[in-house]
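# What the coordinates show
Residues per chain are reported as follows:
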Amino acid sequence: MTTPIPQRTQVAIIGAGPSGLLLGQLLHKAGIDAVILERQTGDYVLSRIRAGVLEQVCIDLMDEAGVGQRMHQEGLVHGGFEMLYGGARHRIDMNKLTGGKNVMVYGQTELTRDLMDARQAVGLPTVYEAKDVAIHDFGSAKPRVTYSKDGVEHTLECDFIAGCDGFHGVCRASVPRAAIREFEKVYPFGWLGLLSDTPPVSDELIYVNSPRGFALCSQRSKTRSRYYLQVPLTDRIEEWTDEAFWQELRLRLDEEGREKLITGPSLEKSIAPLRSFVTEPLRFGRLFLAGDAGHIVPPTGAKGLNLAATDVKYLSSAIIEFYQERSEAGIDGYSARCLRRIWKAERFSWWFTQLMHRFPEDGPISAKFQEAELDYLLNSEAGSRSIAENYVGLPLNFGE
Ligand code: FAS
Ligand code: PHB
């Protein structure tokens, strides 16, 4: 017997990625009803290999949502990472430079699975394979969502719509163009990612700026690795055999990396484009954009998922305040509060991308500028601290 799909709820959440699921969990814990509408299957959502590094803010939110147990059991706490350029490694000691802060390596897939399991365990309504989702009357106090499921048309009446439907979703696209400003920078390369059940090449992440381009050595556990290579936007995944990937990675690593690299068959291999993108504002009447629906960062700074978590923290607090205190202060302040944090993360992600990737189209002088900047930053405590405090995530009340 499948759970009947409600036709009325307090919050309609569009998208069952990390943003939508985390929001649903936080609202549930506050006794607020929400229905999640997701156009894909749950397995498809889990099959997308994305983020790998959680900031403390995200870790705390998973705990607040009551779903942090496996994360603490299986996640890997990292106090630093390495930057490799000019054939030499330089460790950013985040823990020392930030007065004790760390990050956690725990894949987005696992975080999403934990949220999905928690939602299913208490029978909260999630409609997977919801087709033709459309949002209506979000400028009024009676917004609604229409969609079809197994060929049957449905209308979901609600008080609020949370657009957690990612960069290609329907919610941002439904806002009249005159009401929205979009800022975008597209980078002239992509990230070719490979996931493998092989031990990581190093205990910590290694960000590489090599003459052949950027590379990143990341991980999901002590036995599962995630690697990335900067590739031209014209590259197609079919052109990259596993062996070609491993060979190119070796050429971008140092001698120690080449010696320690353990290769194996890819479990997943994909090319992702890189862009910086921000929507202003993030609130349109009773419609709120959160996560990738409102902004995109180049993954260099490991900010995408973490920014989504902060949006969800602010949005859940605002909606809870509305129902419990009949106050609209939180929902009125949502957009400005998010954007202040979003733009600082966008700036760091853009800056770190500019620092660690090669831009041959800018001529040989661009590599000389990078070399000089890296030489300064990594030999200056102030410079290294700037990298460290942005990487672990600025405090939620930064600048207030
Ligand atoms: P998501 O895109 O994850 O989820 C949106 C959901 O909405 C999807 O499940 C989608 O199917 C659904 N949806 C879309 N349209 C819909 C509609 N019309 N109706 C119903 N449902 C709809 N971040 C990092 O920190 N590090 C990384 O290494 C990293 N790598 C990435 C690689 C790729 C290829 C991409 C695309 C992103 C990457 N990111 C990375 C960023 C990523 O992790 C996002 O920040 C994170 O997925 C944001 O989560 P959501 O906001 O939930 O959006
Ligand atoms: C990842 O493990 O997928 C990852 C880690 C750090 C980044 C980007 C991606 O900056």
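All values derive from a computational prediction rather than experimental measurement. (Residues numbered from 1 in each chain as written. Chains lettered and ligands numbered in written order. Predicted model: local features only at pLDDT ≥ 70, side-chain atom pairs only at ≥ 80, totals over all residues. Heavy atoms only, no water.)

### Points about the site of ligand 1
- Around ligand 1 sit 29 residues in total, of which Ser19, Glu38, Arg48, Arg50 and Gln108 are the nearest.
- Here an oxygen atom of ligand 1 and a side-chain polar atom of Asp292 are 3.0 Å apart.
- Between ligand 1 and Gly304, the relevant distance is 3.3 Å, taken from an oxygen atom to a main-chain nitrogen or oxygen of the residue.
- Coverage of ligand 1 by the protein amounts to 86% of the 1000 Å² it exposes when considered alone.
- Of all elements in the fold, only helix H1 (18-29) and helix H9 (304-325) reach the threshold of two or more residues within the shell around ligand 1.
- Partitioning the shell around ligand 1 into residue classes produces 13 nonpolar, nine polar and seven charged. (Near = heavy atom within 4 Å. Polar contact = N/O pair within 3.5 Å; in protein donor to acceptor, adjacent residues only side chain to side chain. Areas by Shrake-Rupley, 256 points an atom, 1.4 Å probe, with all protein chains shown as cover. Helix = DSSP H or I, 4+ residues; strand = E, 2+ residues; numbered from the N terminus. Nonpolar A, V, L, I, M, F, W, Y, C, P; charged D, E, K, R; others polar.)

### Quick look at the environment of Ser316
- Within the element layout of this structure, Ser316 appears in helix H9.
- Taking the C-alpha atoms as reference, Ser316 lies 9.5 Å from Gln25; in sequence the two are 291 residues apart.
- Dropping the residues within four chain positions of it, Ser316 is found in contact with Leu23, Leu26 and Leu27. (Contact = heavy atoms within 4.5 Å.)

### What about the sheet that holds strand S7 (residues 103-105)?
- Spatial ordering of the open sheet is given by S3-S7-S4, a layout of three strands whose pairing is antiparallel. The strands lining the two open edges of the sheet, one partner per strand, are strand S3 (53-54) and strand S4 (76-78).
- As judged from the three bridges shared by S4 and S7, these two strands associate in the antiparallel manner. Among the inter-strand pairings, His78 is bridged to a residue of S7, identified as Val103. (Pairing = 2+ DSSP bridges.)

### Here's the deal with the nonpolar core
- Within the largest apolar cluster, 74 residues are counted, with the highest numbers of intra-cluster contacts made by Val11, Ile13, Leu22, Leu27, Leu37, Leu54 and Val145.
- Sorting elements by how many residues they give to this core places H9 first, with 11 residues.
- Look past the residues within four positions of Leu37 in its chain and what remains in contact with it is Ile13, Ile14, Gly15, Val127, Ala130, Val133, Val145, Tyr147 and Leu156.
- Ranked by size, the runner-up nonpolar core spans 33 residues in total, among them Val53, Met83, Val105 and Ala388. (Core = buried A, V, L, I, M, F, W, Y, C linked by side-chain atoms within 4.5 Å. Buried < 20%, exposed > 50% of the residue type's maximum accessible area, 1.4 Å probe, protein only.)

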